[in-house]
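Here is what each chain is made of, one letter per residue.
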Amino acid sequence: MTSKKSSLNPFRFTYLRNIKGKWPVGVSVFIIIAVNCWEIFSVINQYNYAIKKNLITDPAINLKNEYKFIFNSYVNDSEIDWLFFEILLLVLAGILAIILFKYLLSKAAVNVTFSLGISRKKFFLAKYLAGATILSAGVILPMLVACVANVCFFGNSSALWISAGYISLKIISAMMWIFTCFALTMTLVGSVLETFIMGAVVTLSPAFISRICSALTAISANGSPYSFNTGLFSCFGGLVDMKGEPINTDITILDFSKYLTPMSADLNESVLYLPKNVAYDRPYVFFSLVFLGTIIALAVLSALIVAKRPAEKAGFMGTSPVLQGFCVLTVGPWLGTLCVEIAKEGNLTTYRLLFVTFIIASLIIMAVGYSVVDLICIRSFKKYRSRIKYLLIECAIFAVLVGAFATVANIRYATVPKTEDVKSVSVSIPDAYAYSDMSYMRMGFYDGSNEIRLDELLSSETNENVLIEDITDSNVIDKIIAMNKELKKRNNQKAGNVYNVSGFGNRVIPSRIMIIYTLRNGKQVKRAYNRMTDEMLMTVSDEILNTEQARKTVAYRLRSNVTRGYDIAYVSPNGSSFTLSKAFSHNGMTPIKPGYYSEGEEEAIVSENKAQNELYNAIALDILDGTLPLNMKSDEEIMGYIYNTSMEETDLDEIDMIPLDTSSLFPVYPSMKNTLAVLEKYGEKDVFENTAHPVRITYTTYNSDTDFMDSENAGMVGSMRVDKVGKNGEIVLSDGVVYQYDGAFEGEYVHDYKVIKMGEKTVTVTDPEEIAEIEKTVCLRSLTRYGGYYARMDYEDGSAVFCYIPSYNLK
Amino acid sequence: MISIDRVTKKYGDFTAIENLSMQVPEGSIYGLVGYNGAGKTTLLKSVAGVYGICSGSITVNGKNTFTSPEIRQKMFYVPDEIYFEPFSTIEKMAKLYAGYYPGFSFSTMDKLCGVFKLDKKAKLNSFSKGMQRQAEMILGMSTMPDVLLLDESFDGLDPQKRNLMNGMIVDYVAERNCSVIISSHNLHEISDICDRVALINGKNIVLDCSVDDVSANRCKFRLAFAEEKTQADFSGFDIKKFKGDGKIVTLSLRGNEEENEEKLRQMNPLLLEKFPLTLEEIFLEEMEDSDYDFKEIFS
C-alpha cells in the first residue's frame, strides 16, 4: 500500500493538515467573537422585556431600530469597553503565527521541512493560508450565526449583511496584521526571543513611523497640519492631524472599539427613547481593503524571503541585520519624539530647538539601542566592533531621511493659496484654548471644574472643531489669507505662545489654528500654525462666531440636552440632573426656580425641569434667530443675564453629553423674544426691571496667586467650588477668581467669602460713562483664558458682581 | 545518479566546502568520512536541498535538488539531529511523510516496525535516542526513496540493530537501485556496507575510491636493517607515513603493494613485515594534522 493521492498536491495537504492541527486557536477566536456578538442577540431579550413592561407602543419598529442602532454602534462607536477581548484576539493571532512558523527557527525542523517534496514558498504559503482560514472562520462563523438569527427575527436586509461584512473585515484585518507581521519577522530572524521583540516592533511600526512623521512634520515645517500623535494604537491610519487623531480613522486596526464596542447604556431603558427610522450606517471599506492589500503584499514578501532563507539561520540570534536595523531605526526616532514631547512641555521651546532635540535624542537612542541589541545577539565585543559600520550607515540613513523629510515638508507647507484660487475656506481649532474660550466662555458655559470649550462642543457633533465652515465670501477669504500670511512669517514658532497681556506680563498660550482651503480645482490645502494671538484671532472672530453653522451647532447642543433623541434616555427619570436656572438683574439674583430638591420631591422636579428645558429651548431659538449673537456684540442694551448654578453633580456622565450645570451665562437683550416669552410665562419677566448700574468697576489681571481682588469688605452670596488652595490661605474659586478664605479645601464649596485685596496693577473706574462702556463688554468669563481681566462691579446698595472683561475690548 | 560539481558553501566568511566534486552512481552506497567539522553534514544538507550552495551544482538525475521539489519527493534525508513533530507517533509521522512522498508505503512501514520491534502508536518522545533513529530510518525507508542521505544515522544503535540496519540498507539498494550517501565516523560501518568511500579533509575530498581500492593501494611495512636508515634512504617510494627508530623503520606507502615490497627487499632488510591497512588507519593517516602528541601537551 503506497500513498499516492495526498502527495499529488503537497500544498493542499499542508494547508489542510495545518487547519486540522491548529483548530483550537480558531475555536478561541470563535468564542471571543461569539461573546461580543451576544450584544446583537440581546436585542431579542430587550424585545421581550419591553413587551412585558409595556414600555414600547410599537414593538416591531422599536425592535428593528434598536437592532440597527446596536449594529451601527459596532461600526462607528469610539468607546473601548472590550479591551481585554481585543488584546486576547491579537495575542491569539500572534501565537498562531509562532505556532505555524516556528519550524523556521528550529535547526532540526528545518532539516526536515526544507528537504520535503514541496517548495519552501508553497509550504510557507499553505501554512499562512491555513492560519488566515482559522482566524477568518473564527470571526465569520459567529457573525454569520448572529446575522442569520436576526434575519429570522427581523427579516433580511442588505445593509445588515454589509455591516456584518464590514465588521468581520475589520476584525480579520486586525488579526491578520499581527499574524503577518510575526510571520514576516520569523522569516528573517533565527530565534524565538528575536521573534517576540522584533515581531512586536514590526507590528507596531506603522504607529512608530506615523508618530515620527507627524512629529517631524510638526516641528520642522511651519504650516504643517500635523501634530504629535500621542496614542500608540490609534495611529494605524497613517498621519495624524493636529488633534492627534488619525486622518483616516477607518483604517485604524487596533482600535477595536470601532467594531466591538457594545452599547454601554442600559438597553432596557433605552428602548424607550429610540429615535424613529434608524438607518444602517454605510461603512467605508476602502481603507480596510487597502490595509488588507498591504497584508497580502507582506505575506507574499514573506514567502519570497522564505524561498531564499538560509537554513543555517535557524537557532541563531543576530542573523538579520536588516530587520535589526529597521527596528533600531524605527524605535530610536520614535523614542526621540517622546523626548521632544518632554522638551515641549516647557512650551517656550522653539520648534527649531525641538527639531535639534529630536535629531540628537534619536541618534543617541539609536546608538545605544543598536549596541545593546547587537551585543545581546552576537555576544562578542570584537564582532560588535567590526559591525559598528552598520550603525554609522544607519545614522546616515536616518540623517538623510530626516533631512529629506523636513525639506519636502517645508517646501510643501510654505505656500498660501491665492484668493482667486480659493473656492471656500474653513477654520478649525484643534486645541486652541484661547479661541474656544473666547467664543464659548463668552457664552458662560462652564461647569465649575472643567471648562467646556467650543471646540469640544462642536467636535462632539461634527468630529471636527470647525469654526468657519466652507465660507465662500471673498472678503472673509481675504481676511483669512491675510491672517495665514501673518502666521507664516513667524517661522520659528514656539510650542506655546508668549502673549503679552496688555502690559500685564507674558503668558503662554498653547493655541493652534487650522485653515482648510478648498480650491476651485477641487483640491484641499490645509495649513496649521501654533502661534496665535488675540489680535490675530479677533481679525476673524466675527466671521467665525456669526456663521449660521456656529449658531446652529450651539443652539442644537443647547436643545439636544433636553430634547434630543436617545440622549434623553440618559437623563435620570427624576430629572434632577438638570440644575437650577436663575435669572438675576444687576440689583441682585432672583431664582426662577427653587434651589434644591430632595428625593421626595420628584414630581415637582419634573415640572421644574420642564420649565428649565423650555428656557434653554427659547435661548437656543434666539441664538438661531441671531438676536443672541454668539460674539455678544449686540447694539442693544443688555437687560440682564440668565445663568445656571449647580447644586449637585449631574447624572449626565454618559456618552455624548455636555452637562449644562453651573454658571452658564446668557445675556438677555430686548429682542430675544423667545427667551422673554418663557420668562413671562413663568412670571419672571420683571426680574430685569429696575436694572441698576455699577458705581465702580475694578479690574485686574490674574498673574499669580498673589494678585487678589480689592477688599472692601464686599461679600458675595452664593456657593462656589474651591479649585485650588494657595500657600497663604488664598483660594482659587471655580470662576477662576482668587479670594482669601481660611481653612478651605480643594473641591469644597464655600459660601459668603470675602474679597480682600486687589493686585498692584489694578485699575478702578468710577466715571459713569466709562463704566457704561465697560459694562457692555463684560461677561462672567474671560474671552481668552489668559487675556482677560477679572472685574468687580460694585453697586450702590453694596452688592457686587464679579465678571470678566476681554482684554481686546479694554483699550 | 547524484552529481556534485564544484560545490562551494560558505557560512559568512567561513568556507565549509570548496570546489568539491563527486558522483554517486545509482545502486551505490557512498561512504562520506571526515573529522568533525570537515564538511560532511554541510555536504549532505546541500544535497538534500536544505542548504543553498554558493557556487557549483548539485543534481540528482540532472535536476537541481534545491530548486526542484519533485526530485526531493524521491529523496529522503535522515539528519544527525532527529526531528519529530511534538507528541507524534510513528504512525502520525508516517501520515505527514505520506503527504510529501508519493511512494510512501504504509505496509513497508508496518513490516519494518515489526522487524525492529517498534510500536508505531507509541509517542516518539518516549523513545530512546537509538529507537528514535530506528524510527526515523523506518520512516525514511518507507518513503521508498531513490536517493537516501544518512547523516551519522548509526549513532546510538546497538550492534544488533546496526547489523539489522546495514542489512536493510544493502538489501534496499540491491532491490531498488537506490543511491545512498552515508556519513559516519564509524569506519567499520563504512567498510562493511559501502562500495565507495570519500574522505573529506576540511574543504575538499582528498580520497575518493572504492573500498577495495583503498586497501589495495596502501600498505604498511615494518623493516629492520643492519645500519640506521633515514627517510631520505626511501626517496624512491611514495611515502605516506615514515617512522624511523634507528635501524627499525615503519613505512606506510602508496602504490602497488607487490612492487613496493620488491623494491624494499632490494634494500636488503634483515626483516620485512607487511601489514594491510585498515580503513581507519588510512583515515588517520590522511588526517595526520590531528595526530597530536598529547604527552607533549600535558608535560
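Everything numeric here is computed off the predicted structure, so don't read it as measured data.

J.: What is the right way to read the sheet that holds strand S7 (residues 147-151) of chain B from this model?
T.: Two strands in a sheet stick together by hydrogen bonds in their backbones, pointing the same way (parallel) or opposite ways (antiparallel). Residue and element names in this part refer to chain B. Sheet architecture is open: 6 strands sit in the order S6-S7-S8-S3-S9-S10, paired in mixed fashion. A single partner strand is all that each edge strand has here, and the edge strands are strand S6 (75-78) and strand S10 (204-210). Adjacent strand axes in the sheet meet at a mean angle of 15°, parallel and antiparallel pairs treated alike. In this sheet, S10 lies alongside strand S9 (residues 196-201) in antiparallel orientation, the contact comprising 6 bridges.

J.: Even after reading the chapter, I still don't get the sheet that holds strand S14 (residues 271-276) of chain B, so can you show me in this structure?
T.: All names here are of chain B. Taking strand neighbours across the sheet as the criterion, the 4 strands line up as S12-S13-S11-S14 in an open arrangement whose pairing is antiparallel. The open sheet has two free edges, formed respectively by strand S12 (239-245) and S14, since each of these has just one partner strand. Ignoring which end each strand starts from, the neighbouring axes of this sheet average 15° apart. Where S12 and strand S13 (residues 248-254) come together, 6 bridges link them in antiparallel fashion. In the sheet register, Phe242 faces S13, and the bridge partner there is Leu251. On the sheet, helix H9 (residues 257-265) packs against strand S11 (218-224), S13 and S14 and is oriented at approximately 15° with respect to S11.

J.: I would appreciate a short explanation of helix H4 (residues 106-116) of chain B in the present structure.
T.: For an α-helix, the turn length of 3.6 residues means that residues three or four places apart are oriented alike. All names here are of chain B. Listed as buried for H4 are Phe106, Thr108, Met109, Leu112, Cys113 and Phe116. Angular distribution of buried residues about the axis of H4 spans 150°; they occupy a single face of the element. Where H4 is buried, its residues meet helix H3 (90-98), helix H5 (129-142) and helix H6 (159-176).

J.: Whenever I open this one, the confidence of the model for chain A confuses me. Can you help?
T.: Keep in mind that low pLDDT regions are not for reading the predicted coordinates in detail. All names here are of chain A. Residue-level pLDDT values for chain A average 66, and 48% of them are 70 or greater. Mean pLDDT across the secondary structure elements of chain A bottoms out at strand S7 (residues 580-585), with 26, and peaks at helix H1 (residues 10-21), with 94. Scored below 50 in pLDDT, residues 230-277 shows 165 contacts in the model against residues more than four places distant or in partner chains. When the criterion is pLDDT under 50, residues 644-664 qualifies, and its contacts beyond four places in sequence or with other chains add up to 73 contacts.

J.: In this structure, what is going on with the packing of aromatic side chains? I would like to understand it.
T.: Think of a pair of aromatic rings as described by two things: how far the centres are apart, and how the planes are tilted against each other in angle. One pass over the structure, following the stated rule, counts 18 aromatic pairs over all chains. Cluster of aromatic residues (ring-pair linked, three or more members): Phe13(A), Tyr103(A), Phe123(A) and Tyr100(B). Directly above the aromatic system of Tyr51(B) lies the positively charged group of Lys9(B), at a separation of 5.2 Å from the ring centroid. Here the basic side chain of Lys220(B) rests over the ring of Phe275(B), its NZ or CZ set 5.9 Å away from the ring centre.

J.: What is the right way to look at the interface of chain B and chain A in this model?
T.: How big an interface is tends to be stated in terms of the accessible area lost upon association of its parts. Tallying the contact residues gives 32 residues for chain B and 27 residues for chain A. Surface buried jointly by chain B and chain A totals about 2500 Å² across both partners, of which 56% is contributed by carbon and sulfur atoms. For the interface between chain B and chain A, the tally reads 2 salt bridges. When the shortest N-O distance is used, the salt bridge between Arg17(A) and Glu85(B) registers 2.8 Å. Here chain B is connected to chain A by 9 residue pairs in polar contact (both at pLDDT 80 or more).

J.: Just checking my understanding: could you explain the environment of Phe182(A) for this structure?
T.: All names here are of chain A. Structurally, Phe182 can be placed in helix H7 (residues 158-188). Judged by relative accessible area, Phe182 falls into the buried class, the value being 10%. Along the sequence, Phe182 and Met198 sit 16 residues apart, while their C-alpha atoms lie 8.3 Å from each other.

Thresholds, definitions, all that
Residues numbered from 1 in each chain as written. Chains lettered and ligands numbered in written order. Predicted model: local features only at pLDDT ≥ 70, side-chain atom pairs only at ≥ 80, totals over all residues. Heavy atoms only, no water. Pairing = 2+ DSSP bridges. Helix = DSSP H or I, 4+ residues; strand = E, 2+ residues; numbered from the N terminus. Axes fitted to C-alpha atoms, helices over the stretch in contact; angles between N-to-C directions. Contact = heavy atoms within 4.5 Å. Buried < 20%, exposed > 50% of the residue type's maximum accessible area, 1.4 Å probe, protein only. Arc of directions from axis to C-beta. pLDDT = per-residue confidence, 0-100. Phe/Tyr/Trp six-rings, centres within 6.5 Å; stacked < 30°, edge-to-face > 60°. Lys NZ or Arg CZ within 6 Å of the ring centre and 35° of its normal. Buried area = accessible area lost by both parts, 1.4 Å probe. Salt bridge = Lys/Arg side-chain N within 4 Å of Asp/Glu carboxyl O. Polar contact = N/O pair within 3.5 Å; in protein donor to acceptor, adjacent residues only side chain to side chain.

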